[in-house]
Structures are given as structure tokens and as C-alpha cells.
Amino acid sequence: MTDPVRKLPSELDQLPDRDTEETAEWAASLDAVAKAAGSHRAEYLMRRTLQHAEAAGLALPKLLETDYVNTIPTASEPAFDGDLEMESRITAWNRWNAAAMVTRGSRFGVGGHIATFASAAWLYETGFNHFFRGKEGDGSGDQLYIQGHASPGIYARAFLDGRLSEQQLDNFRQEAGGNGLPSYPHPRRLPWLWEFPTVSMGLGPLSAVYQARFNRYLQNRNIKDTSNSHVWAFLGDGEMDEPEATAALTLAAREGLDNLTFVINCNLQRLDGPVRANFRVVQELEGAFRGAGWNVVKSLWGSAWDELFQLDTTGALVRRLRAVPDAQFQTYATRDVAYIREHFFGAEPALKQLAAVLTDAKIAECFHTSRGGHEARKVYAAYKAAVEFKGAPTVILAQTVKGYTLGPGFESRNANHQMKKLTGKEFRAMRDLLELPIPDARLDESLVPYGHPGADSPEVRYLQERRAALGGPAPARRMHASAPLPQPAEKSFAALKKGSKQPMATTMAFVRLVKDLMRDKETGKRWVPIVPDEARTFGMEALFPSAGIYSPLGQTYDPVDRDQLMYYKEAKDGQVLNEGITEAGAMADFIAAASAYSTHGEPMIPFYIFYSMFGWQRTGDQMWQLADQLGKGFIVGATAGRTTLTGEGLQHADGHSHLIASTNPASLNYDPAFAYEVAVIVQDGLKRMYGENPEDVFYYLTVYNEPMPQPTMPEGVEEGIVKGLYRFKEAAPATSPDAARAQLIASGTAIHWALEAQELLAAEWNVFADVWSATSWGELRRDALEADEALLRGEQRIPYVTQALADAQGPVVAVSDWMRQVPDQISQWVEQDYTSLGTDGFGLSDTREAARRHFGVDAQSVVVATLAQLSKRGTVPASAVKEARERYGL
């Protein structure tokens with residue numbers, strides 16, 4: 001005996017029913033329909049009723065899933081604004097050349113992807129011909145996030161319109177010799193074409209949301225009119241598995257980003273097999289996006305399905321489509337009609353009756369190839385609906401066949417992502433299907449040819465005319481679109497250079513500097529402060545009332561701290577981007593702001609401040625995206641180091657970010673010890689990134705939360721600060737000519753341990769050590785590597801670190817609040833005996849003093865390490881080392 005079905009409590013149970021009799025009549029009516037016409041009819045009526053209520057503006061919960069059919073019926077499609085026959089020929093040439101390019105490249109084993117563009121060709125071509133605004137018209141044009149694996153198709157189109165040569169196509173994925181094409185959209189490798197890197201997967205959709213949001217930020221702050229810019233993100237259904245891909249959906253809906261459209265190519269396949277083998281990814285995505293507040297447009301079925309839907313008077317076909325899992329539907333796309341009749345239409349009598357009037361050719365067309373994403377009219381209707389929808393972003397779920405037009409050996413096959421070439425026979429079949437005028441004689445060659453109708457052909461003229469009407473070529477990136485920014489006055493930096501007797505953390509020094517720079521009349525408005533819900537931790541709350549927190553709605557409430565000086569102020573023209581608890585979102589903000597100089601011709605100066613551990617470790621992939629996108633700005637790891645953040649412990653104690661950062665060639669990494677060093681580094685960064693000869697780099701600074709006295713800047717140290725090393729404090733005069741000498745090099749907060757060690761060595765061990773500030777281990781290494789490369793070319797150049805230490809006497813002991821590998825970056829170019837101390841291992845919760853003793857980096861440990869190096873030389877007796885260990889309790 002089974003348990004009776006238990007009715008779950010509902011919020012309706014808590015609402016008073018003012019007319020129970022009327023409610024009972026509605027329920028009885030529904031029961032009657034179900035009894036007389038079946039449950040399917042009752043379900044249909046309920047869905048139509050809810051849809052009608054939603055259209056009427058009644059406050060009812062939205063349906064999260066609609067039927068597995070096109071959102072826009074064929075009868076409601078708008079007139080197609082173009083020459084469909086001409087566009088079909090253009091698309092055919094692009095399909096051919098994309099496949100030829102990858103196939104020709106396979107001779108060299110460089111790989112490439114054919115099937116993705118084959119499925120998505122019309123999704124791109126319809127946009128290029130009718131929707132995507134270029135950068136030669138008014139405003140900034142549209143921003144296009146191209147699916148990485150579709151890049152061969154974009155190159156093929158650039159070849160057709162004369163922007164790429166046949167030689168460049170043959171250099172696909174072969175860049176070392178010059179004039180090559182990168183594998184995916186990489187702006188750093190092809191900066192005149194690509195704007196946005198979209199591989200690694202998942203970062204494209206996240207960045208697209210924040211790009212659309214940043215467009216509105218610029219608009220609301222009256223910096224740039226972006227009202228005509230639309231962000232298009234082309235994504236794969238498998239890519240939506242990445243958590244970053246859906247991380248910002250609610251933000252986009254919450255802020256009403258109707259300047260954003262996601263186009264998800266639902267070919268139902270990942271890299272190795274079905275996206276949702278036992279489920280339906282289209283319906284899943286629809287529910288996720290509708291639940292997040294997006295407008296959803298489904299373009300699933302091609303026009304061949306129209307006859308089937310018209311014959312479906314009972315709804316059996318729609319029900320069956322909603323029930324079949326994706327993997328089974330992929331199987332239908334590869335099997336014969338007899339199999340489809342048995343396994344699909346054989347599911348219920350109504351479907352058998354429907355199939356009886358269908359020809360084998362019609363069934364084969366529907367199930368093998370006819371998809372909404374393969375028909376320009378249906379894609380055009382979906383795009384037009386997206387750009388005309390107001391109040392929310394739109395996602396277009398376009399169903400396609402992966403490998404479409406490449407032949408039965410490719411289409412809908414699990415392995416087609418790894419298939420890198422077509423055979424001669426497959427190219428002939430493709431040529432015939434696409435009706436291209438390529439003679440058999442050319443296909444008899446061992447190397448499949450590229451095809452081109454001619455620079456003055458009707459196809460090329462049409463393509464170029466369409467692009468001219470839309471504002472020029474796309475995709476395209478503007479290079480050096482803006483004049484240099486004026487440099488802030490020296491007085492903005494003067495306060496930090498003067499120092500402070502009152503203890504101040506370098507985190508606070510940086511924040512104070514930026515507050516002053518934001519007041520600059522020329523460039524103050526261009527600063528973009530970004531923080532992931534830690535502003536008060538970093539002492540930035542003073543920016544709330546003065547600069548305002550950006551919100552497109554302004555402030556619709558009375559803040560709880562309104563009577564306080566530093567109250568929480570949101571404003572439509574607010575300058576601070578306070579992102580909440582999302583480092584990935586904050587980093588996406590930074591990337592959009594960091595490349596605004598190119599995207600919009602408006603150089604912005606973003607600074608993103610975060611808990612040190614949760615920068616490079618948590619969002620390091622985005623740091624590479626930033627480098628690829630040629631972004632500029634300051635990323636700031638606050639509460640840096642493994643021992644300065646008291647009590648937090650393992651996951652918060654960062655001793656390795658500088659090591660990770662050193663792997664990124666575009667990142668200039670600094671670990672300043674003093675406030676004046678912060679000032680000099682920021683001043684240098686503004687010149688290098690925004691000055692007369694701007695460089696495509698960004699700055700990474702680590703700052704500390706440990707309040708310390710801040711000295712006045714010594715004279716003549718600016719060059720050393722920028723290059724990475726200078727002597728901060730010489731040793732006191734030696735008491736005798738044969739007194740032992742040593743060199744202590746420290747970065748960041750470790751400078752204070754080195755200074756204490758300097759005093760202990762002189763007072764207790766008669767050892768006289770100079771203290772050096774290493775502002776950047778990474779820049780010292782970069783310079784030394786360049787010197788090594790010059791040597792290979794026959795040029796003699798001495799690394800800066802070698803020159804700086806040339807006359808320094810005694811061994812070198814390097815110490816930092818980072819792993820030993822960080823200072824060890826320079827060891828091979830230091831001619832003196834060299835050793836390092838660092839915070840290797842996991843962090844732990846304790847006081848600063850206890851943590852430093854634990855890792856062996858405190859002043860006493862520096863003393864013992866120095867004595868040990870001197871004892872190896874015989875400069876001090878070995879007994880001194882043992883005595884020091886015992887004296888200091890090490």
C-alpha cells in the first residue's frame with residue numbers, strides 16, 4: 001500500500017479567500033476539462049491563462065519553461081531586410097574557407113575547429129549583415145564577444161571582405177614567423193581585429209555582462225554616450241556549464257541591461273559528447289534565464305517543421321519534443337527515417353497518425369538539418385526581437401546541428417570537435433551542397449583551395465555595402481584612439497613623499513593617494529574605484545558620500561547611517577563600483593574599465609583593491625584575460641603577505657601572489673615598503689600607461705594593513721623605486737676596518753624586520769649591514785632577463801640588480817613576507833653569496849610576531865641567517881651562530 005499524496009503547504013494557504021465559492025468553481029472547471037478533454041488540454045489552458053495574465057501585467061509568478069517550440073511563430077516573423085539569396089552565397093563562401101583553412105593547417109599539426117562555426121554560421125552572418133554596428137559610425141559601435149572555437153569563420157569573412165590575405169589564412173595558428181593568425185580571439189596577438197578574448201570559456205559571458213553594465217556606467221556619469229552600443233555575446237551551450245557563465249545573470253536583469261544579448265548556440269554537444277545527455281539543455285537554460293529575469297527567445301525549429309506543427313492538432317508532437325532527451329535527439333539526426341518513425345513517432349497513436357501523412361524526405365529534412373539557427377529569417381526575427389525588447393537583457397537560444405553542411409561524417413557526431421580536416425570526397429559533397437563554383441579540377445589538387453568570388457563580385461560588394469551602412473568592419477578594435485591623459489600635479493603625491501610620524505599602513509597610504517587624485521580637475525573623473533564589498537576593511541568608506549556608489553536607480557531608500565559623516569550613498573552618477581561578494585565580477589568590471597580607452601576612446605583609470613589572497617589565486621584566469629585585452633590600470637592586493645593579517649589563518653594568509661603574478665608578462669609587480677614608494681610607483685604607472693607613449697601593461701601593487709611610521713623620501717631614489725631596488729639605509733660606520741659587512745634586502749613590510757636586524761647585528765654582533773628596499777623582485781628579474789637576451793644577440797648589458805649591488809660588501813640576505821621563490825627570482829644575477837628567507841608553507845592564525853617567528857622571518861631570524869652566511873666565509877666564528885640561536889630562542 002502506497003502512502004497517500006501529501007499536499008505541500010503553499011503561500012496561498014496564508015492568504016484569506018474572499019470568495020471560496022468562486023474559487024471552487026474555477027477548480028471544478030479545470031477538473032471538468034481534464035476529465036472531458038484529458039490532462040494535456042487542461043495543462044494547455046493553464047499555460048495559456050498564465051501567459052495571458054503575464055501579458056496583462058498581473059503580478060503572478062512567471063512560467064520558467066515554455067513549450068519546446070520557437071518563441072516567434074513563422075506567421076509572426078518580420079519581413080527580412082536583405083537579399084537572402086545573396087547572403088546565402090556569402091555564407092557558403094565563408095563556410096568553405098573556414099573548413100579549408102583548418103584542413104590546410106592540419107598539414108602542420110596545429111589543429112583548429114571546424115564544426116562550431118559550421119553550426120553557427122547563420123548566427124554570425126545575420127548579425128554582420130543586419131545588426132552589428134561598426135566603429136566608423138556614431139558612438140562606439142557594438143561590442144562582440146565571439147565564441148572562441150568559431151574564429152575560423154570570422155577569419156573567413158575577413159578574407160572575403162579583403163581584410164585578410166590568403167597567406168594569412170595559411171598562417172592560421174602559426175604566428176612565430178609573423179603575419180600569422182592566432183587560434184582564438186586574442187587582441188594582444190591581432191589587435192586591429194579582436195577586441196575581447198573569449199577563451200577560457202565562461203569568461204566571455206561574465207565579461208559581456210559587466211561590459212554592458214560599464215557602458216551604462218559611462219553613460220550615467222556623462223563620460224560617453226553609449227546609448228547606441230549593444231553587447232552581443234556568442235556562447236556555446238556546453239560553455240554554460242562554467243560557473244562564471246551564469247554568475248552575473250541576476251545583475252544584468254536587476255540593472256535592466258537591455259543593451260545586452262546572449263546568443264547561445266545550442267548544438268547540444270560539448271567537446272566530447274552531449275551537453276545534457278539525459279535532459280534538455282534548451283529548457284534548462286530557459287528556466288535559468290527566465291528565473292533570473294531575462295527575456296528569452298527560442299529559435300529551435302526550421303521552416304520544414306511548420307507542416308508538422310500545423311498537423312499537430314492534439315499537442316502530441318510538442319509533448320514528445322519536450323520529453324525526448326538531447327542525446328536521443330542527436331541520434332535521430334544521424335539515423336534513417338525508419339528509425340525515426342519507430343522511435344519518435346511510435347511513442348503514441350496520435351504521432352503515428354501524424355507521421356503517416358509525412359514523406360520520408362520531409363521527416364529526414366526535419367530531423368537531420370532543419371533548425372532555427374540555420375535559417376536567416378528565423379535568426380533575423382530573433383535578433384530583431386532582442387534589440388527591440390526594453391527593460392531586461394535577452395538571451396536567444398538557437399538550436400543548430402554541430403557540423404552542419406560538413407557531411408554525414410561530421411554532423412551531430414560526438415567526436416566532431418576533435419575532427420580537424422575534411423577529405424577530398426567530403427569537400428566535393430560540401431561544394432555541391434553549397435552550390436559553389438569550384439571546378440573538380442581544383443579539387444583534384446592535393447591541397448584544397450580557398451574560394452573567393454572576386455574583389456569586385458556582387459557578393460563582396462553586397463557584404464561591404466551592408467557593413468558600410470552599419471558603421472564599418474566588424475569585428476574591429478580601435479588602436480590608440482585617444483590622446484594622452486594629462487599627468488596629475490606633483491602636489492597630489494607630495495603628502496606621501498613627505499612621510500608621516502603617525503603610523504600609517506601602506507593600504508591607507510594608497511587609498512589616501514587615490515582620494516587626492518580623484519579630486520584632480522583634469523583626470524579625477526576618470527578614476528574607477530572597484531571593491532568587492534570590502535571598502536570599510538580598506539578604509540575606503542570616505543569615498544561613499546564624496547564619490548558615491550554607482551547604481552542605475554540612484555538611492556531609492558533612506559540609508560540606515562544617513563546621519564553619519566561617511567554614510568552609504570548610492571547615486572546614478574556614482575563613481576565607486578562596490579560589487580558585493582564577487583571577486584570575479586569586480587575583475588570583470590576592471591577589465592571593462594581598463595580597456596575603455598580602446599572600446600570607447602575614453603581612457604579610464606581603474607583601481608581594483610581586494611584581499612590579497614583572493615586576487616591572483618582566485619581570479620588569475622581573468623588577469624590573463626586582462627593582459628590579452630591590453631587593459632591598463634592598478635590592481636591592488638591589500639592585507640598582503642602571509643603574516644600581516646592577524647588571526648585570519650590559512651586561506652586568507654597570502655604568501656604566493658607575487659609568484660603567480662610573475663608569470664604574467666603584462667603585469668608590473670611591486671611590493672612597496674613605504675608610502676612614498678607607493679606614490680612614486682603610481683606616478684610612474686600613470687606615465688607609462690596613459691602618457692605620451694602608452695604601454696599595454698597593468699600594475700600590481702601589494703599593500704599592507706600594518707600601521708608603521710612613514711619616513712620622508714630620500715633624495716634620488718625614484719629611479720631605484722621604479723626599477724626595483726635601492727639602498728634605503730646604510731650601515732653605521734664600522735668600529736674597526738675588519739668588521740664584518742653584509743647586505744639585507746627586503747620588500748614590503750619585511751623592511752621593518754630588516755631594519756631591526758640591522759640594529760641587532762651592529763649592537764650585538766659587530767656586523768654592519770646595509771638595508772635595501774626591493775620594491776619589485778619581478779622588475780629586477782625582467783630587466784635581468786632582457787640583459788641575458790641581449791647577450792645572445794652579442795650585446796653587452798649588465799642587469800640593473802648586478803650594477804646596484806656591485807660595490808656592496810658581504811653576503812646578501814633577502815627577506816620578504818612571501819615565499820622564498822619570490823626573492824629568489826634575482827639570485828642568479830647577484831654576484832655576492834645569496835640566501836633568502838620567506839613564508840613558505842600554509843598560513844596560520846596567530847599574532848604577527850608569533851607568525852613571523854613560526855616562519856623564521858622576524859628580525860632575530862634575519863640576524864641568525866646573516867651570521868650563518870658570514871660564518872661560511874670565516875668572517876665570524878661558527879659559535880656565533882649557535883649563540884645567536886640560543887639567545888633569541890630560535
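Residues numbered from 1 in each chain as written. Predicted model: local features only at pLDDT ≥ 70, side-chain atom pairs only at ≥ 80, totals over all residues. Heavy atoms only, no water.

**Focus on the overall build of the protein chain**
Our working definition: For the purposes of this entry, the term helix denotes a DSSP run of H or I that reaches at least four residues, the term strand denotes a run of E that reaches at least two, and both are numbered from the N terminus. Accessibility here uses a 1.4 Å probe with only protein chains present; expressed as a share of the type maximum, an area under 20% marks a residue as buried, one over 50% as exposed, and anything in between as partly exposed. Contacts are residue-level and defined by heavy atoms, with any inter-residue pair within 4.5 Å sufficient. Counted as positive: Lys and Arg. Counted as negative: Asp and Glu. His and the chain ends are not counted at all. By convention, the charge on Lys lies at NZ, on Arg at CZ, on Asp at CG and on Glu at CD.
Each helix and strand counted, the protein chain has 35 helices and 20 strands in total. A principal-axis box enclosing the C-alpha atoms of the protein chain has dimensions of 110 × 80 × 60 Å. Expressed as a percentage of the 890 residues in the protein chain, the buried residues total 57%. Residue pairs at least 24 apart in sequence account for 77% of intrachain contacts in the protein chain once pairs closer than 6 positions are excluded. Of the side chains in the protein chain, 90 bear a positive and 112 a negative charge, and the two mean positions are spaced by 1 Å.

**Comments concerning the nonpolar core**
Put simply, the rule reads: For the purposes of this section, nonpolar cores are sets of buried Ala, Val, Leu, Ile, Met, Phe, Trp, Tyr and Cys residues that join through side-chain atoms within 4.5 Å.
Of all hydrophobic cores here, the largest spans 83 residues; its most connected members are Trp-527, Phe-634 and Val-682. With 10 residues, helix α28 (residues 675-690) is the single largest residue contributor to this core. Leaving out residues up to four positions away in the same chain, Trp-527 has contacts with Tyr-217, Arg-221, Val-514, Leu-517, Met-518, Gln-575, Ile-605, Phe-607, Phe-634, Val-682 and Leu-686. Residues Ala-158, Leu-436, Leu-443 and Ala-474 belong to the second largest nonpolar core, which totals 67 residues.

**Description of the sheet that holds strand β14 (residues 698-702)**
Quick note on the threshold: Note on pairing: DSSP must find at least two bridges between two strands before they are called paired. Convention adopted: a line fitted to C-alpha atoms gives each axis, helices being fitted over their contacting stretch, and angles between N-to-C directions are expressed from 0 to 180 degrees.
Ordered in space as β10-β7-β11-β12-β14-β13, the six strands form an open sheet in which the pairing is parallel. Looking at strand neighbours, the two that pair on one side only are β10 (577-578) and β13 (667-670), the edges of this open sheet. Sheet topology note: the strand β12 (residues 634-638)/β14 ladder contains four bridges and is parallel. Its bridge partner being in β14, Val-636 is matched across the sheet by Leu-701. On the sheet, helix α26 (residues 616-628) packs against β12, β13 and β14 and is oriented at approximately 160° with respect to β14.

**Comments concerning the packing of helix α12 (residues 316-323) against helix α15 (residues 349-356)**
Operational definition: For classification purposes, an angle smaller than 35 degrees is called roughly parallel, one larger than 145 roughly antiparallel, one from 65 to 115 roughly perpendicular, and anything else oblique. In this count, Pro and Cys sit with the nonpolar residues alongside Ala, Val, Leu, Ile, Met, Phe, Trp and Tyr, while Asp, Glu, Lys and Arg are called charged and the others, Gly among them, polar.
In the contact formed by α12 and α15, the axes pass within 9 Å of each other and the chain directions differ by 110°. The angle between α12 and α15 places the two elements in the roughly perpendicular class. Taken together, the residues of α15 that come into contact with α12 (itself represented by Ala-316, Leu-317 and Arg-320) are Ala-350, Leu-351 and Leu-354. In terms of residue class, the contact of α12 with α15 is made up of five nonpolar, no polar and one charged.

**A short note on the sheet that holds strand β17 (residues 740-746)**
Within the open sheet, the five strands sit side by side as β16-β18-β17-β19-β20. Their pairing is mixed. Bordering the open sheet on either side are β16 (726-729) and β20 (834-837), each of which pairs with just one other strand. Ignoring which end each strand starts from, the neighbouring axes of this sheet average 30° apart. Along the sheet face, helix α34 (residues 859-873) touches β17, β18 (767-773), β19 (812-815) and β20 and points at about 135° away from the line of β17.

**Focus: the environment of Ser-836**
Stated precisely, the cut-off is as follows: Within 3.5 Å is the distance limit for a polar contact, defined as a pair of N or O atoms, with the added protein rule that one can donate a hydrogen and the other accept it, and that residues adjacent in sequence qualify only through two side-chain atoms.
Among the structural elements, Ser-836 can be located in strand β20. For Ser-836, a relative accessible area of 2% puts it in the buried group. Distance in space between the C-alpha atoms of Ser-836 and Ile-745 is 9.1 Å, their sequence separation being 91 residues. Once residues lying within four places of it in the same chain are set aside, the contact partners of Ser-836 are Ala-814, Arg-820, Pro-823 and Asp-824. Side-chain polar atoms of Ser-836 contact the side chain of Asp-824, separated by 2.8 Å.

**Some details on the environment of Gly-691**
Structurally, Gly-691 is set in the loop between α28 and β14. Judged by its relative accessible area of 8%, Gly-691 is buried. Separated by 66 residues in sequence, Gly-691 and Ala-757 have C-alpha atoms that sit 41 Å apart.

**Focus on the side chain of Arg-104**
With respect to the secondary-structure elements, Arg-104 resides in helix α3 (residues 84-105). Here Asp-170 takes part through its side chain, which lies 2.8 Å from a polar atom of the side chain of Arg-104. Among the polar contacts made by the side chain of Arg-104, one reaches the side chain of Tyr-450 at a distance of 3.4 Å. For Arg-104, the contacting residues outside a window of four places in its chain are Glu-166, Asp-170, Leu-447, Val-448, Pro-449 and Tyr-450.

**A few points about the packing of aromatic side chains**
Threshold: Think of it this way: a Phe, Tyr or Trp ring, Trp meaning its six-membered ring, pairs with another when their centres are within 6.5 Å, and the plane angle makes it stacked under 30 degrees, edge-to-face over 60, tilted otherwise. Over a ring means this: the NZ of a Lys or the CZ of an Arg is within 6 Å of the ring centre and within 35 degrees of the ring normal.
Applying the stated rule across the entire model yields 46 aromatic pairs. Taking 4.2 Å as the distance between ring centres and 10° as the angle between the ring planes, the aromatic pair formed by Tyr-145 and Phe-196 counts as stacked. Remark: Phe-196 occurs in the loop between α6 (166-170) and α7 (203-220) and Tyr-145 occurs in strand β1 (residues 143-145); sequence separation between them is 51 residues. The residues Tyr-145 and Phe-196 share a single accessibility class, namely buried. Taken together, the ring pairs in this structure connect Tyr-68, Trp-301, Trp-305, Phe-309, Phe-329, Tyr-332, Tyr-339, Phe-344, Phe-345 and Phe-367 into an aromatic cluster. Between Arg-335 and the ring centre of Tyr-339, over which it is positioned, the NZ or CZ distance is 4.0 Å. Lying across the ring of Tyr-567, Arg-562 places its NZ or CZ 4.1 Å from the centre.

**Observations regarding the environment of His-230**
Among the secondary structure elements, His-230 is positioned in the loop between α7 and β2 (231-236). What makes His-230 buried here is its relative accessible area of 6%. Sequence separation between His-230 and Gly-141 is 89 residues, and the spatial gap between their C-alpha atoms is 7.5 Å. Those residues within four positions of His-230 in sequence are excluded, and the remaining contacts are Arg-133, Gly-141, Asp-142, Gln-143, Asp-258, Asn-259, Leu-260, Thr-261 and Val-387. Reaching out from His-230, the side chain makes a polar contact with the side chain of Thr-261 at a distance of 2.8 Å.

**Re helix α24 (residues 583-594)**
For clarity, the cut-off: For a helix, the expected span equals 1.5 Å multiplied by the residue count minus one.
Its 12 residues place the ends of α24 16 Å apart at the C-alpha level, agreeing with the 16 Å of an ideal helix rising 1.5 Å per residue. Most of α24 is tucked away, with 11 of its 12 residues classed as buried. Along α24, the positions that sit buried rather than exposed are Glu-583, Gly-585, Ala-586, Met-587, Ala-588, Asp-589, Phe-590, Ile-591, Ala-592, Ala-593 and Ala-594.

**Some thoughts on the pairing of β14**
Inclusion rule: Call a crossover right-handed when, viewed with both strands pointing away from you, the route from the first strand across the helix to the second goes clockwise.
Counting buried positions along β14 gives five out of five residues, so the element sits mostly inside the fold. Judged by which residues are buried, β14 turns out to be covered on both faces: Phe-698, Tyr-700 and Thr-702 on one side and Tyr-699 and Leu-701 on the other are all buried. With four bridges connecting them, β13 and β14 associate as parallel partners. Bridging from a neighbouring strand, Asn-669 pairs with Tyr-700 of β14. Handedness of the β13-α28-β14 crossover: right-handed.

**Concerning the pattern of salt bridges**
Convention followed: For this analysis, a salt bridge means a side-chain nitrogen from Lys or Arg found within 4 Å of a carboxyl oxygen belonging to Asp or Glu.
Enumeration according to the criterion identifies 43 salt bridges in this entry. Put simply, Asp-241 and Arg-270 hold a salt bridge, and the shortest N to O gap is 2.6 Å. Of the two residues, Asp-241 is situated in the loop between β2 and α8 (243-246) and Arg-270 in the loop between β3 (260-266) and α10 (281-292); the sequence distance between them amounts to 29 residues. The exposure class of Arg-270 is partly exposed, given its relative accessible area of 35%.

**Overview of helix α33 (residues 848-855)**
Given 3.6 residues to a turn, an α-helix orients residues that are three or four positions apart in the same direction. What counts here: The directions from the helix axis to the C-beta atoms form the arc being described.
Taken residue by residue, α33 has Arg-848, Ala-851, Arg-852 and Phe-855 as its buried positions. Viewed along the axis of α33, the buried residues span an arc of 95°, placing them on a single side of the element. Exposed positions of α33 whose direction lies more than 90 degrees from the buried face are Glu-849 and His-854. Along its buried surface, α33 packs onto α30 (750-765). A positive backbone phi angle near 70° is found at Gly-856, which sits one or two residues after α33.

**Here's the deal with the confidence of the model for the protein chain**
As a reminder of what qualifies: Each residue carries a pLDDT value, the predictor's own confidence for that position, ranging from 0 to 100.
Per-residue confidence for the protein chain averages 93 on the pLDDT scale, and 97% of its residues sit at or above 70. A low-confidence stretch, residues 1-5 stays under pLDDT 50, and its non-local contacts, those more than four residues away or across chains, total zero contacts.

**Considering the packing of α30 against α34**
Inclusion rule: When the near helix sits turned anticlockwise from the far one by under a right angle, the crossing is termed left-handed; a clockwise turn instead gives a right-handed crossing.
The N-to-C vectors of α30 and α34 enclose an angle of 55°; their axes lie 8 Å apart at closest approach. By the angle between their directions, the pair α30 and α34 is classed as oblique. Crossing of α30 against α34: the hand is right-handed. Contact residues: Trp-753, Glu-756, Ala-757, Leu-760, Leu-761 and Trp-765 in α30; Ala-859, Gln-860, Val-862, Val-863, Thr-866 and Leu-867 in α34. Classifying every residue of the contact of α30 with α34 gives nine nonpolar, two polar and one charged.

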